[in-house]
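Fold and contact review
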Amino acid sequence: MAKMYYEKDCDLNYLNGKKIAIIGYGSQGHAHALNLKDSGCEVCVGLRPGSKSAAAAQAAGLTVKTVPEAAQWGDIVMMLINDEAQAEVYKKDIAPYMTEGKALAFAHGFNIRYQQIVPPAGVDVFMAAPKGPGHTVRSQYVAGKGVPCLVAVEQDATGKAYQIALAYIAGIGGARAGVMETTFHDETETDLFGEQAVLCGGVVDLMRCGFETLVEAGYEPENAYFECIHEMKLIIDLINKGGVAAMNYSISDTAEYGEYVSGPRVLPYEETKKNMKAVLSDIQDGTFAGKWIAENKNGRTFFNSKRAQLKKHQMEIVGAELRKNMIWGGDSDLDSASN
């Protein structure tokens, strides 16, 4: 069973006298920087020249430096720019300043797991990974709550890496909700698998297939959107609150019966599991990482074409129109992708 930590196990004093450099001010970056600042920590934000985020960070009362300046200044350097950009930025702007006794931190293990970043022996390397988007990390902290986090230590050069990692997580509010111990290896592989097979790849394709099936059968696209896409959140919210059994209790018996008889027809269990194992194998042996690294080096042709194709899909067009008239239309909580 995974080991869990809570506020009583975390001592914020391990951050006393330590300067924390947050590299990036996007989805996670703004939340980490602001939460740590509000927890009384000394924080700066490291941004690349011309970053659109500089003004927002300064307006929030944060000190902004260039990435090399931040890396040189910080005792803890937290990498919160996109995975695909981290290795180049690290090698050019951060590695020269990772001197003995410092700590290099991550919110996802990709670059350590696939050795795109190889820190020097004298520095601590830890992970503080909230299991939620940045705007939630911030809003929950402001509300006096927190988002559950993962903690991992890849390299304990100082003998205090775990204490520093837990203190950092307490500083962003994660210890209020609970901290689960893991490894860079396990976090990376399970995170990539969950995203690809279930949360993003699996769910999006399932919703798209359902939408297309109804529209092609002659039903109104708006109906198809509500039934196959909009209601997904309602179902997931029920599962989050009480598990699948609680969701089944809340829906009609007709819906629950349909779950049992039709779910296996749509996703044949053995065939689906076989395909999922193939996805996991590609993650474990580095095949996926190699493809993603190559995609970024070669101009993202496939990635950009898929993104453009999705933008033109009828479910996206219909959904955008419907959301304009919903109570939560224009929700500003969506995370910015800027760093």
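Residues numbered from 1 in each chain as written. Predicted model: local features only at pLDDT ≥ 70, side-chain atom pairs only at ≥ 80, totals over all residues. Heavy atoms only, no water.

**Here we look at the state of the cysteines**
- Tallied over the full model, the rule gives zero disulfides.
- Considering cysteine sulfurs only, Cys 228 is the nearest to Cys 209, which forms no disulfide, with 10 Å between them. (Disulfide = S-S within 2.5 Å.)

**Section: the side chain of Gln 28**
- Within the fold, Gln 28 resides in helix 1 (residues 27-38).
- Among the residues examined, Gln 28 registers a relative accessible area of 15% and is labelled buried.
- A distance of 2.9 Å separates a polar atom in the side chain of Gln 28 from the backbone oxygen of Gly 132.
- Discounting chain neighbours no more than four positions away, the residues touching Gln 28 are Leu 80, Pro 130, Gly 132, Pro 133, Gly 134 and Val 137. (Helix = DSSP H or I, 4+ residues; strand = E, 2+ residues; numbered from the N terminus. Buried < 20%, exposed > 50% of the residue type's maximum accessible area, 1.4 Å probe, protein only. Polar contact = N/O pair within 3.5 Å; in protein donor to acceptor, adjacent residues only side chain to side chain. Contact = heavy atoms within 4.5 Å.)

**So, the nonpolar core**
- Counting 36 residues, the largest nonpolar core has Ile 22, Leu 36, Phe 126 and Tyr 168 as the members making the most contacts within it.
- Going through the elements one at a time, strand 2 (19-23), helix 1, strand 3 (42-47), strand 5 (76-79), strand 6 (103-106), strand 7 (124-130), strand 8 (149-155) and helix 7 (161-171) are the ones with two or more residues in this core.
- For this core, the leading source of residues is helix 7, giving seven residues.
- Not counting the four nearest positions on each side in its chain, Leu 36 is found in contact with Leu 15, Ile 20, Ile 22, Cys 41, Val 43, Tyr 168, Gly 171 and Ile 172. (Core = buried A, V, L, I, M, F, W, Y, C linked by side-chain atoms within 4.5 Å.)

**Some words on the sheet that holds strand 1 (residues 4-5)**
- Ordered by their spatial adjacency, nine strands build an open sheet running 1-9-8-7-6-5-2-3-4, and the pairing between neighbours is mixed. Looking at strand neighbours, the two that pair on one side only are strand 1 and strand 4 (63-66), the edges of this open sheet.
- In the sheet, strand 8 pairs with strand 9 (residues 179-181) via three bridges, with the strands oriented parallel. By the bridge assignment for strand 9, Cys 149 is matched with Val 179. (Pairing = 2+ DSSP bridges.)

**Remarks on the layout of surface pockets**
- Put simply, the second largest pocket is a space of about 330 Å³.
- The wall of the second largest pocket is formed by 16 residues, among which Asp 83, Glu 84, Ala 85, Ala 87 and Glu 88 lie closest to the centre.
- The set of elements that each furnish at least two residues to the lining of the second largest pocket consists of helix 4 (83-94), helix 5 (110-113) and helix 13 (287-297).
- Element by element, the count of residues in the lining of the second largest pocket is highest for helix 4, at eight residues.
- Class assignment of the residues belonging to the lining of the second largest pocket gives a composition of six nonpolar, three polar and seven charged. (1 Å grid on protein atoms, 1.4 Å probe; cavity = no way out; pocket = protein on both sides within 12 Å on 5 of 7 lines; lining within 4 Å. Points joined across faces, edges and corners; volume = space filled by probe spheres on them. Nonpolar A, V, L, I, M, F, W, Y, C, P; charged D, E, K, R; others polar.)

**Things to note about unusual backbone geometry**
- Positive phi is not limited to glycine here, since Gln 115 has a value of about 55 degrees.
- For Gln 115, a relative accessible area of 62% gives the class exposed.
- The backbone of Arg 300 shows a phi angle near 55 degrees, a positive value even though the residue is not glycine.
- Looking at the secondary structure, you find Arg 300 in the loop between helix 13 and helix 14 (301-311).
- When its relative accessible area of 18% is taken as the criterion, Arg 300 is described as buried.

**What about the packing of helix 10 (residues 221-250) against helix 15 (residues 314-324)?**
- Between helix 10 and helix 15, the least distance of the axes is 10 Å, while the angle of their chain directions is 90 degrees. In terms of their interaxial angle, helix 10 and helix 15 are classed as roughly perpendicular. Contacts between helix 10 and helix 15 involve Pro 221, Glu 222, Tyr 225, Phe 226 and Ile 229 on the former and, on the latter, Gln 314, Met 315, Val 318, Gly 319, Leu 322 and Arg 323.
- Across the contact of helix 10 with helix 15, the residue classes break down as seven nonpolar, two polar and two charged. (Axes fitted to C-alpha atoms, helices over the stretch in contact; angles between N-to-C directions. Parallel < 35°, antiparallel > 145°, perpendicular 65-115°, else oblique.)

**Side note on a nonpolar patch on the surface**
- Side chains of Met 4, Tyr 6 and Met 180 sit close together on the surface and give an oily, nonpolar patch of about 250 Å² of accessible area.
- With relative accessibility at 38%, the residue Tyr 6 sits in the partly exposed group. (Patch = residues over 30% accessible without salt bridge, like charges linked within 9 Å, V, L, I, M, F, W, Y side chains within 5 Å. Areas by Shrake-Rupley, 256 points an atom, 1.4 Å probe, with all protein chains shown as cover. Salt bridge = Lys/Arg side-chain N within 4 Å of Asp/Glu carboxyl O.)

**Some thoughts on the side chain of Glu 189**
- With respect to the helices and strands, Glu 189 occurs in helix 8 (residues 184-199).
- With a relative accessible area of 7%, Glu 189 lands in the buried category.
- Here Arg 113 takes part through its side chain, which lies 2.8 Å from a polar atom of the side chain of Glu 189.
- Apart from the residues within four sequence positions on either side, Glu 189 is in contact with Arg 113, Tyr 114, Ile 283 and Gln 284.

**Points about the packing of helix 10 against helix 11 (residues 253-266)**
- Contact geometry for helix 10 and helix 11: axes closest at 7 Å, N-to-C directions at 125 degrees. As the angle between them shows, helix 10 and helix 11 are arranged oblique. Contacts between helix 10 and helix 11 involve Val 244, Met 247 and Asn 248 on the former and, on the latter, Glu 256, Glu 259 and Tyr 260.
- Counted by class, the contact of helix 10 with helix 11 contains three nonpolar, one polar and two charged residues.

**Notes on the pattern of salt bridges**
- Scanning the entire structure with this criterion turns up eight salt bridges.
- Arg 138 is the salt-bridge partner of Asp 38, the closest N and O atoms lying 2.9 Å from each other. Of this pair, Asp 38 sits in helix 1 while Arg 138 is found in helix 6 (residues 134-142), placing the two residues 100 residues apart along the sequence.
- The residue Glu 189 makes a salt bridge to Arg 113 at a minimum N-O spacing of 2.8 Å. Residue Glu 189 is located in helix 8, and its partner Arg 113 is located in helix 5; the two are separated by 76 residues in the primary sequence.

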